[in-house]
Amino acid sequence: VFQAMFASGMAEAESKRIRLRCDVGTPAEFGEFYGFLLPAIGRRRTLSESNVDSLLAFSDYFQVDALKDECEEVLMKLPASVQRLLQAHRYKLSAQYERCVQAVASEPYRDLAPLQEE
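Residues numbered from 1 in each chain as written. Predicted model: local features only at pLDDT ≥ 70, side-chain atom pairs only at ≥ 80, totals over all residues. Heavy atoms only, no water.

(A) Molecular detail of the pattern of salt bridges. Applying the stated criterion to the full structure yields 3 salt bridges. Notably, a salt bridge pairs aspartate 23 with arginine 90, separated by 3.7 Å at the nearest N-O pair. Linking aspartate 23 in the loop between α2 (11–15) and α3 (27–37) with arginine 90 in helix α6 (residues 82–90), this pair joins segments that are 67 residues apart in sequence. A relative accessible area of 47% places arginine 90 in the partly exposed class. Measuring nitrogen to oxygen at the nearest pair gives 2.5 Å for the salt bridge that ties aspartate 53 to arginine 84. With aspartate 53 in helix α4 (residues 52–61) and arginine 84 in helix α6, this pair connects stretches of sequence that are 31 residues apart. A residue is classified by how much of its surface remains accessible, and aspartate 53, at 33% relative accessible area, is partly exposed. Overall, the relative accessible area of 13% leaves arginine 84 in the buried class. (Salt bridge = Lys/Arg side-chain N within 4 Å of Asp/Glu carboxyl O. Helix = DSSP H or I, 4+ residues; strand = E, 2+ residues; numbered from the N terminus. Buried < 20%, exposed > 50% of the residue type's maximum accessible area, 1.4 Å probe, protein only.)

(B) How the structure looks around helix α5 (residues 65–75). Among the residues of α5, those classed as buried are Leu67, Lys68, Cys71, Glu72, Val74 and Leu75. In a view along the axis of α5, the buried residues occupy a sector of 160 degrees, so they form one face of it. In α5, the exposed positions angled more than 90 degrees off the buried face are occupied by Ala66 and Glu73. Buried residues in α5 make contact with α3, α4, α6 and α7 (94–105). (Arc of directions from axis to C-beta. Contact = heavy atoms within 4.5 Å.)

(C) Geometry of the nonpolar core. Core analysis: the biggest nonpolar cluster contains 19 residues, and Phe33, Leu47, Leu67 and Cys71 have the highest contact counts within it. Among the elements of the structure, α3, α4 and α5 are those that each provide at least two residues to this core. In terms of residue count, α4 provides more of this core than any other element does, 5 residues in total. Those residues in contact with leucine 67 that sit more than four places away from it in its chain are Phe33, Phe36, Leu47 and Ser59. Ala80, Leu86, Cys100 and Val104 belong to the second largest nonpolar core, which has 7 residues in total. (Core = buried A, V, L, I, M, F, W, Y, C linked by side-chain atoms within 4.5 Å.)

(D) Focus on the side chain of serine 59. Following the sequence through the fold, serine 59 ends up in helix α4. Leave out the neighbours within four places in its chain, and serine 59 touches Phe33, Val64, Leu67, Lys68 and Cys71.

(E) Inspection of the environment of tyrosine 91 at higher detail. Positionally, tyrosine 91 belongs in the loop between α6 and α7. Using a relative accessible area of 9% as the deciding quantity, one classes tyrosine 91 as buried. Sequence-distant contacts of tyrosine 91, defined by excluding residues within four places in its chain, comprise Leu56, Ala57, Asp60 and Lys68.

Right under this line is the structure:
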């Protein structure tokens, strides 16, 4: 991913820096994401409920589909919610989206206000 950015005619190739949108995540979260990309130690790292949201955001931003797919697998094991539904829609996680739609639709008294805000 990064090699392609630096080797192309993109601005990153000129400046030797990668600029991130501030809504993607923090520098610490980027460090954790980068750790998953390292060939020697990346596979020893564990996706969990505590890091899946930030790893999903970075894997989507940098188009690291294998990690994004792993994030969806973790999310599929977590409780469905309106927030998870919106997240699945934003990041185009089709299986998670369908699961959350079913869960939200099956609870008629669930607070749907966040859906109106999107």
